[in-house]
Structure formats: C-alpha cells, structure tokens
Amino acid sequence: MGSDRISRRATLAGLAATCAAGAGLIGRASADDAGPIFSPTGPNAERYGAAAGYPVPDAAKARRQGNPWEPADRVGAFTHIDDIYPTRQVKRAAMPWAFKRAPAELSEPFRADVMGYLARNPVTGLLIARDDKILLEHYQYGRTDRDRFVSQSMVKSITGMLVGVAIADGAIKSVDNKPEAYVPGFRGSEYGSTAIRDLLHMSSGVEFGEEQESGRDLNRLWRDMVSGSGKGTIASITQFNRRIAPAGTRFYYASIEPDVLGVVLRYAAGKSLSDYLQEKIWGPIGAEADATWLLDAEGQELAHFGFNAVLRDYARLGRLLAHDGAWEGRQIIPASWMIEATTTRPSDAYLAPGRTSPDSLGYGYLIWLLPGMRRQFALRGSYSQLVLIDPPSKLVLVQTALERSDDVWKLWAAAVKQLG
C-alpha cells in the first residue's frame, strides 16, 4: 500500500504543477488523447478544500464522528479512507485484464453534454465503457486513476454478489435460510430469525432508524461496531431487536441488514470478506489495483460502507454484472442469481420501481433497479457514487462525486440513447 500512495502523491504533485500554470487547464495522462483526462480543479472547488490542497481529515476526529464529512473534507476523505481507518487489502489480479479505448465512438454532441455535466457537478471521477472499451475517463479536483475512491453504500451490492457466490459454492444453502443457522450469536434475535432473502431485500421488518432523528440508530451502530464501545460486532447488531412489520412485506432502507449478511458470509465461507472477494471476483475479473475494505472494531469488514477501489476496477465490476456474472467465458456469479437479484417477482411487488424511493427506483438483492421496460440496475452510494449498468448494450457508467445530483440520470438516459 505504501508504494501505491507514493505513486499517487507523485502524480498529484504533477497535477499541482499543472494547476499552478493555470487554473482549469486540463492535463492528459499521455500524448495519446484516448487516455484518461485529469483536471486539477472542478466546479466550486473552494467549497471542497482546494485552497488547503484537498486535505485528508484528522483520523482520530473522523473515527469519532464517522461519515458524513464536511464539504471541505470530502475530496481528501473519499480518496483516503485507508489513511483514516483500519482496512484490509483486496489484492489485485496476478494477471490484470485491460480495457481497450475507443473515444471516437462518442459523438461530439454527447461529448459536449458530458463536458457540460462535469462543469456543473462536483464529480471526482467519471468513466463510460461499453463492454471491453472505455469511451470516456475523466477526473476532477486533482484526483487520478491511481486514487482509490470510496464506495459509500455501493459496497452493499458487492455483499449481495458474495451471497450469490456463497450459495453457488454451497457455503450458504438457500436464501430461505436464516442467519441463526450460520451464526450462533444471532440465535434468539429478530435479525437471526429473518430469512436471508428478506435481508437482501431490506425488508426484515426489524426497526432500525436509518433516517430518523438524524440517523440515530445508524450513528449508534457506527459507535458500537466501528468506533468500538466494547459491545462487539454481533451484539452491536442484535441490540436492534424490535420487529415492527412482518418480514418480506415492506421495504425500509437499513444499512444494518447487509452487516447481518456480512457476518453470515464470514461464518459460512470461513474467511474474511476481503479474501473471499479477491478469490471469487476481484482476481477473476483481472482487477488492476489493490482495493481496500474498512474494518470494524473486531477487525471484520463493514458490509455497508468503506470499500475503496480505482475507477477502472469499478468499471470491471460493472462489466461483470452487465454480462450477468460472466467474464470472458467463465461464469463468476451464477446467471440465475443475477436475474433473480435484478428483477422483481410478482409476489414482491412492493419492491418494484416506483415503490421504494422518491426517485422511482426499485430494489433487488442489495441493488437498485431502474424504472422502464428495459432491464437496468445500479450500485448506488451517498453523494452520487454510482455504477450504472445496461445489460442489453453492456454499457456501464461509473461516477464518484461529492454531492448528490439528479443530473446524472439525464446523462445516463442520453448515454443509453446514443450507445445502447
């Protein structure tokens, strides 16, 4: 990890020199205009800490307060989680798989739309790919293709993928099983007696105040599970033990539910989530860089937040999902799981697009479903971290950002219209 950090600092030093030569000047990775584009600035850069060099927040303070950070801290925090919190490495592939580049496949009108979008929105990284070709790759606020960008809640979808892999492996028998069958510490608790399927759908019916009273329960979970009150991982989860609805009858977004599944995965697979991800997905898709995953106070991966990867590796993951779990002729995630995870059964109509969120999205197995007749889905995290996937065309859009913006849905619709 140290050599990666030195390389990134060297790259940023070069960008600083570019910035000194003239604010807003674009620097390319090489003379080849097919490569990534780097900008030392971005919209409203002063708000996001430009004057201070996009500082990394003080680690002790960050561990106490958790996420979110103030705007001036976000550029530094969102690309340096592994400098702030303990993390575990997810090792890159021994033989990385490389994208081709085909920027000429973007029409000039659409390219102008993208540049206008970037000029208006605080995006740190944007990548558009179609199958094995990168069509556009652009970084702002001094970020580079060596930076690891935090997933925010996109890691929940990665946890869901690992559940599918564990079922294919036979480590987990069925989505109808209950966590208490795998984790003795969950026995006798409401989460322990909730089917894995309902946890994947965030429809356990167990009370968890994600957004009530300024996130009271999410903050308590963070303090106990990550900051370390002494409760331990399982007790931090099972303290939330009041059922307010029958399981499988209502959607209620609750970050604790993937944490339950993360503990199940660790017990069922007999290894850390990082090692399981590296073995089953990260290595097989030819990831080019090490990723990192934030650890809780017991040294176990937090399944709802804190995964960090370079933009092109998020794009590789998107390509895997666009192919319904297949990679270069090998089925990494079962295709049947991918279909089940990204469609709504008639019996689960309460999860359909338009039912679960004010922006018309639906919900599958820890993954967001887009409205419309065309099957599309998304990994989605706070502040507009996104991997958008269109399986019919194998189109993928990866975005990392500093604020929520609904403009991205218009950009995605335009991309699908032109390229899909």
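Heads up: the structure comes first, above all this text.
Residues numbered from 1 in each chain as written. Predicted model: local features only at pLDDT ≥ 70, side-chain atom pairs only at ≥ 80, totals over all residues. Heavy atoms only, no water.

## Some thoughts on the nonpolar core
Step number 1: Ile281, Phe307 and Ile333 are the most contacted members of the largest nonpolar core, which totals 127 residues.
Step number 2: No other element matches the 8 residues that helix H6 (residues 154-169) contributes to this core.
Step number 3: With sequence-adjacent residues up to four places away left out, Ile281 is seen in contact with Met161, Leu162, Val165, Tyr276, Leu317, Leu320, Ile332 and Ile333. (Core = buried A, V, L, I, M, F, W, Y, C linked by side-chain atoms within 4.5 Å. Buried < 20%, exposed > 50% of the residue type's maximum accessible area, 1.4 Å probe, protein only. Helix = DSSP H or I, 4+ residues; strand = E, 2+ residues; numbered from the N terminus. Contact = heavy atoms within 4.5 Å.)

## Some points on unusual backbone geometry
Step number 1: Residues other than glycine seldom take positive phi values, yet Asp131 does so here, at roughly 55 degrees.
Step number 2: Considering the arrangement of structural elements, one finds Asp131 in the loop between strand S5 (123-130) and strand S6 (133-139).
Step number 3: Looking at Asp131, the relative accessible area reads 24%, which means it is partly exposed.
Step number 4: Of note in this structure, Leu366 is not a glycine but carries a positive phi near 55 degrees.
Step number 5: Mapped onto the secondary structure, Leu366 falls in the loop between strand S12 (362-363) and strand S13 (368-369).

## Topic: the packing of helix H5 (residues 108-120) against helix H14 (residues 407-419)
Step number 1: Running from N to C, H5 and H14 cross one another at 165 degrees; their axes reach a closest spacing of 11 Å. Between H5 and H14, the crossing angle belongs to the class labelled roughly antiparallel. Here H5 runs over H14; the crossing is left-handed. Residues Phe110, Val114, Tyr117 and Arg120 of H5 pack against Asp407, Val408, Leu411, Ala414, Ala415 and Gln418 of H14.
Step number 2: Split by residue class, the contact of H5 with H14 holds 7 nonpolar, 1 polar and 2 charged. (Axes fitted to C-alpha atoms, helices over the stretch in contact; angles between N-to-C directions. Parallel < 35°, antiparallel > 145°, perpendicular 65-115°, else oblique. Left-handed = near helix turned anticlockwise from the far one by under 90°. Nonpolar A, V, L, I, M, F, W, Y, C, P; charged D, E, K, R; others polar.)

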